Every structure is written in C-alpha cells, then in structure tokens.
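Summary of the model geometry
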Amino acid sequence: MTLHEHRVGERYADFARIEAPELCVLPGVLVNISKTGCCVRFPIPVESRQDSLCEIRIQPCCKAGLKPFRVMAKQIWKICGAPNSELGFSFVNSMDSARLKNYLDVLRKDSFDPEEELLQELCH
C-alpha cells in the first residue's frame, strides 16, 4: 500500500499551480486533490517538517470560471529526491471552502465516465 492510498474520498488529478511560499520560493504543481487533502510536486527539494501547518494557494488551470483559493494544510508525508519534492497534505481548514467544493465538483464532472458507471451498476 502506498502513502497515497490512505486518503479518504475520491482523488482527482489536475495540474493546478500551487503557491506555498512558506515551503518553497518556486511554485509547485498539484498532482491530485480530494476533499480532505492533496499531493503537490515542487521543482526543487523542499525543507519542511511533517505535521507542520502552512497556507497553500491553489490556482486552477484552464477550467472555466474557477478562481484561485486558499487552504490551510498539514504536511503528512514527503518524498524528496533530486531534482524535486512531492508532499502530501491534509486540509485543516479551507479559507475558501465554497471555491474548493466548486473546484472538486468541476473535476468530478470532468472525470465522469458514463460507461464505467454503467458497468458498476450492472455488477452490483
């Protein structure tokens, strides 16, 4: 089981721009997100402590009508290696909870596969 499999709720892949100046001077890229947390990749090794809190600004990419939003998150895990770092976060508080919900709704709709849903219904 990987570290990613501990997240509650469905995860959605996206390439949103992430700014977390407390962690890294360069912006990162969102790997995936759920209602409870996210995974972020930064282009350089990041010095940080597990269980530390930080503010993360998420700039959704190219999705109609989505505006940037902020969340407070706790770092749960980190994989560091040359040339980058990947960090897993658990959301502690969303300062923009309506925007986070809207973002997840858009990602959910984009990932909807009617054939897969029909298959699941037939198997149950």
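Quick caveat, the model's predicted, so the values are computed rather than measured.

The rules behind the values
- Residues numbered from 1 in each chain as written.
- Predicted model: local features only at pLDDT ≥ 70, side-chain atom pairs only at ≥ 80, totals over all residues.
- Heavy atoms only, no water.
- Helix = DSSP H or I, 4+ residues; strand = E, 2+ residues; numbered from the N terminus.
- Buried < 20%, exposed > 50% of the residue type's maximum accessible area, 1.4 Å probe, protein only.
- Contact = heavy atoms within 4.5 Å.
- Areas by Shrake-Rupley, 256 points an atom, 1.4 Å probe, with all protein chains shown as cover.
- Pairing = 2+ DSSP bridges.
- Polar contact = N/O pair within 3.5 Å; in protein donor to acceptor, adjacent residues only side chain to side chain.
- Salt bridge = Lys/Arg side-chain N within 4 Å of Asp/Glu carboxyl O.
- Core = buried A, V, L, I, M, F, W, Y, C linked by side-chain atoms within 4.5 Å.

1. A word on the overall build of the protein
Scanning the protein from N- to C-terminus turns up two helices and seven strands. Mapped from its N terminus to its C terminus, the protein presents α and β elements in the order β-β-β-β-β-β-β-α-α. Looking at the 124 residues of the protein, the share that counts as buried comes to 35%. Of the contacts made within the protein by residues no fewer than 6 positions apart, 54% connect residues no fewer than 24 positions apart. When the accessible area of the protein is evaluated, it comes to approximately 7,800 Å², of which 54% is carbon and sulfur surface.

2. Quick notes on the pairing of strand 7 (residues 84–94)
Summarising the sheet, strand 4 (residues 37–42) and strand 7 pair through six bridges and their orientation is antiparallel. Across the sheet, the residue bridging to phenylalanine 42 is serine 85, located in strand 7. With ten bridges joining them, strand 6 (residues 69–81) and strand 7 adopt antiparallel strand pairing. Directly across from lysine 78, in strand 7, lies its bridge partner leucine 87. What sits between the antiparallel neighbours strand 6 and strand 7 is a turn of two residues.

3. Structural notes on the environment of aspartate 14
Summarising the element assignment, aspartate 14 is placed in the loop between strand 1 (12–13) and strand 2 (17–19). Taking the relative accessible area as the measure of exposure, aspartate 14 reaches 5% and is therefore buried. It is 6.2 Å that separates the C-alpha atoms of aspartate 14 and leucine 30, two residues lying 16 residues apart in sequence. A polar side-chain atom of aspartate 14 sits 2.4 Å from a polar atom in the side chain of tyrosine 103.

4. Some words on the pattern of salt bridges
Oppositely charged side chains may form a pair once their charged atoms are brought near each other. Using the criterion set out here, one finds six salt bridges in the structure. Notably, a salt bridge pairs glutamate 55 with arginine 70, separated by 3.7 Å at the nearest N-O pair. Residue glutamate 55 is located in strand 5 (residues 53–59), and its partner arginine 70 is located in strand 6; the two are separated by 15 residues in the primary sequence. What makes arginine 70 partly exposed here is its relative accessible area of 33%. Here lysine 101 and aspartate 105 are joined by a salt bridge, their closest N and O atoms 3.0 Å apart. Placement of the pair is lysine 101 and aspartate 105 together in helix 1 (residues 97–110), with a separation of four residues, close to one helical turn. In this structure lysine 101 comes out as exposed when scored by relative accessible area, which is 52%. A relative accessible area of 21% places aspartate 105 in the partly exposed class.

5. Section: the nonpolar core
Ile33, Ile56, Ile58, Phe89 and Tyr103 are the most contacted members of the largest nonpolar core, which totals 26 residues. Among the secondary structure elements, those contributing two or more residues to this core are strand 3 (28–33), strand 4, strand 5, strand 6, strand 7 and helix 1. If you tally residues by element for this core, the top one is helix 1, at four residues. Leaving out residues up to four positions away in the same chain, tyrosine 103 has contacts with Asp14, Ala16, Leu30, Ile33, Ile58, Pro60, Leu66 and Phe69.

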